[in-house]
Structures are given as C-alpha cells and as structure tokens.
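# Commentary on secondary and tertiary structure
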Amino acid sequence: MKTNIACFSVGLLFAIGLCLSGMAQPAKIIGFLDISGNWDPTLLFTMGGAFSVHAVTYRIIRKRKRPLLSPNWHIPVSRAINPRLIFGSMIFGVGWGLGGYCPTPTVVSFASLESRPLVVFISLIFGMILYKLSIRNHGFKRNA
Amino acid sequence: MPKEWLLGIAGGSLIGIAVSLMLLWNGRVVGISGVMNGVLNPIPGDTSWRLSLLSGLIMGGILMKFTAPSFLEVKFHSETHIGILAGVLVGFGSLMGGGCTSGHGVCGVSRLSLRSWIATAVFSGSGMVSVWLLRSTGMFV
C-alpha cells in the first residue's frame, strides 16, 4: 500500500512538472525539434532542470544500502550499445517528431478530453504489441 | 529570460524531484514506456505500482485541467493518420530502444549512463529529421 501511494505521488508530481514545463503540449515538442522553423529551446531548459536536480540526488540516494520501501534497487543494468538501442531510439524519435508525443504526455493528456492524445496512446500500445510479436517471431532475446 | 524558459526549468526541476522520490522510496527509475510494457505483460506482484504511477499521471493531468487548462493545450501539426503512424513508431521504438524520454532522457541521462545519452541524442536527432521531412513535404499543418 505504501508503495502504491508513493508511486501515485511520483506520478502526480511528474505530471504537474511536465505540464508546467509546457512539455505536455505537442506544439512545444515540435517547437524544439523544428530547427528549420522558429526554434523553441524550452525542452532543453526542462531537461536541464530535471538533470540538475536528479544528477545530484541520484548520487546521494545511491549511497544508501537500500531504498526506503523496497529491499533492493531496481536500476537498469544494461550498458549495451548495440543496433537495437540505436535503431529503436531512431524509430522512437521519428514517431516523436511526427506526432509531438512521447508516452508520458499521452497519459497526462487524457484529462484534456481531446481525441488526439488518445489516438496516439492507442496506436502506441499497438506499436508495443507489434514489437513484442516481432521479437517473438524472430527469437530475439528480450532486453529486461 | 522568457517566461516559458523559466517555467521549463521549474517544471523540469519538479520532474527531477519526482524521479528522485521514486528512487529514494522504491529504488526504481521512472520509465513510462517500460511501465506501460509491464502492464501489457503483467507479472503477479509487479503490476500495482505501475498502475498507481499511471493513475498519478492521469490525476496530475486532471488537476491541471481544472487549475490551468492552457498547459494541456492540444495543438498538433500533423493529420490524424500521421498521428496514428507516430504512435505506432513511438510504441515500437521505445520498447526496442529500451526507453523513452523519461527513462533514457531524464533518468538515464542524470545517472550519466552512456547508453541513455546515446539514445537521447539519437531520438532527438531523428525527431528533428522527421519534423524537417514533414515540413519539406508540405505535410506540416
């Protein structure tokens, strides 16, 4: 229960930060990616804000033996720089530019009651299922 | 400094605090594509925290909708069929690349993970190219 409340609070805070920064609006994302147009650097300031906080807190928090509510850490261990990382990120970026949405803002934007974020969200789930099917069929090992 | 830039720094710092709390409390990174993937392929005992996190995101959106709805403005630059293609690519690519803007872009970059720095550079670059392509083919609305 404590874990669920903690995760809920994290989501709440994350969503508010995302909205305040403007990054829930596809127009702001496109403003950043549109270097040939009227370039909008706000995303850089947002990333900079998050980085300047978390780069410091990460080091402090990881000095602990364990997190407060869990017996162990669950930090991704993969350090692999392989074609899957490169091509996957490339495909992700193309979609990000075409729609102006990455996964988080589609969920936060449910509240807008507009159809576009919902359409992108449903397509996104479909894309994930498609990826699952493709690795199943090709027998690639899953990257945990 | 323009107001949007300051709001960007403020909002970004809040995001930084949120992911720090996740690490401190649960020892996890906040990677929303991975969280969604875990809901799609549920493992007993590993799903409720994901749903709680997603509910928090939705509730945050609702809160903004009632207090400052302009922050949720949906003004898009591409037609619906492009939006659908976009979603599919985002879903496919984020699983294949092992993360999205939150997991790689915020958490991984702050952790100084080379893998995440590379992923973030690659998706920012390909995003710029895809917006440029939309523009140059006249599909930018």
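Residues numbered from 1 in each chain as written. Chains lettered and ligands numbered in written order. Predicted model: local features only at pLDDT ≥ 70, side-chain atom pairs only at ≥ 80, totals over all residues. Heavy atoms only, no water.

### Brief notes about the overall build of chain A
- Of regular secondary structure, chain A possesses six helices and zero strands.
- The N-to-C order of helical and strand elements in chain A reads α-α-α-α-α-α.
- Overall size of chain A, expressed as C-alpha extent along the three principal axes, is 50 × 40 × 30 Å.
- Going through the 144 residues of chain A one by one, you find that 50% of them count as buried.
- Of the contacts made within chain A by residues no fewer than 6 positions apart, 41% connect residues no fewer than 24 positions apart.
- In the form shown here, chain A has an accessible surface area of approximately 6900 Å², with 67% of it arising from carbon and sulfur atoms. (Helix = DSSP H or I, 4+ residues; strand = E, 2+ residues; numbered from the N terminus. Buried < 20%, exposed > 50% of the residue type's maximum accessible area, 1.4 Å probe, protein only. Contact = heavy atoms within 4.5 Å. Areas by Shrake-Rupley, 256 points an atom, 1.4 Å probe, with all protein chains shown as cover.)

### Focus on the nonpolar core
- Counting 58 residues, the largest nonpolar core has A:Phe14, B:Val30, B:Met36, B:Leu53 and B:Leu57 as the members making the most contacts within it.
- Broken down by element, this core gets its largest block of residues, seven residues, from helix α1 (residues 2-21) of chain A.
- Apart from the residues lying within four places of it in its own chain, the contact partners of A:Phe14 are A:Thr104, B:Ile15, B:Ala18, B:Val19, B:Val30, B:Leu57 and B:Ser102. (Core = buried A, V, L, I, M, F, W, Y, C linked by side-chain atoms within 4.5 Å.)

### Points about helix α4 (residues 80-96) of chain B
Residue and element names in this part refer to chain B.
- The terminal C-alpha atoms of α4, which comprises 17 residues, lie 24 Å apart, in line with the 24 Å expected from a rise of 1.5 Å per residue.
- Burial within α4 is extensive, with 12 of its 17 residues counted as buried.
- Along α4, the positions that sit buried rather than exposed are Ile82, Gly83, Ala86, Gly87, Val88, Val90, Gly91, Phe92, Gly93, Ser94, Leu95 and Met96. (Expected span 1.5 Å × (residues − 1).)

### Concerning the environment of B:Ile15
- Here B:Ile15 is to be found in helix α1 (residues 3-26).
- For the pair B:Ile15 and B:Val30, spaced 15 residues apart in the sequence, the C-alpha separation amounts to 9.9 Å.
- Apart from residues lying up to four places away in sequence, B:Ile15 is in contact with A:Phe14, A:Gly17, A:Leu18, A:Thr46, A:Ala50 and B:Val106.

### Structural notes on unusual backbone geometry
- One non-glycine residue, A:Leu113, lies in positive phi territory at about 60 degrees.
- Its location among the elements puts A:Leu113 in the loop between α5 (103-108) and α6 (115-138).
- Notably, B:Leu112 is not glycine yet its phi reads approximately 60 degrees, a positive angle.
- Among the secondary structure elements, B:Leu112 is positioned in the loop between α5 (101-110) and α6 (114-136).

### Side note on the pattern of salt bridges
Residue and element names in this part refer to chain A.
- Applying the stated criterion across every chain yields a total of four salt bridges over all chains.
- Between Lys28 and Asp40 there is a salt bridge, and its shortest N-O distance comes to 2.9 Å. Placement of Lys28 in helix α2 (residues 26-33) and of Asp40 in the loop between α2 and α3 (42-61) is noted, with a sequence separation of 12 residues between them. Both residues of the pair, Lys28 and Asp40, belong to the buried class. (Salt bridge = Lys/Arg side-chain N within 4 Å of Asp/Glu carboxyl O.)

### Some details on the environment of A:Arg64
- Here A:Arg64 lies in the loop between α3 and α4 (83-99).
- You can call A:Arg64 partly exposed: its relative accessible area is 37%.
- With sequence-adjacent residues up to four places away left out, A:Arg64 is seen in contact with A:Trp73 and B:Leu24.

### Structural notes on the confidence of the model for chain B
- Per-residue pLDDT for chain B has a mean of 95; in total, 100% of the residues score no lower than 70.
- With pTM at 0.95, the complex prediction returns an ipTM value of 0.96. (pLDDT = per-residue confidence, 0-100.)

### Details of α2(A)
- For α2(A), a buried count of seven out of eight residues is recorded, marking the element as mostly surrounded by other parts of the structure.
- Buried within α2(A) are the following residues: A:Pro26, A:Lys28, A:Ile29, A:Ile30, A:Gly31, A:Phe32 and A:Leu33.

### Regarding the packing of α3(A) against α1(B)
- Between α3(A) and α1(B), the least distance of the axes is 7 Å, while the angle of their chain directions is 30 degrees. One finds that α3(A) runs roughly parallel with respect to α1(B). Seen along the crossing, α3(A) lies across α1(B) with a hand that is right-handed.
- Among the residues forming the contact of α3(A) with α1(B), the class breakdown is 12 nonpolar, 10 polar and one charged. (Axes fitted to C-alpha atoms, helices over the stretch in contact; angles between N-to-C directions. Parallel < 35°, antiparallel > 145°, perpendicular 65-115°, else oblique. Left-handed = near helix turned anticlockwise from the far one by under 90°. Nonpolar A, V, L, I, M, F, W, Y, C, P; charged D, E, K, R; others polar.)

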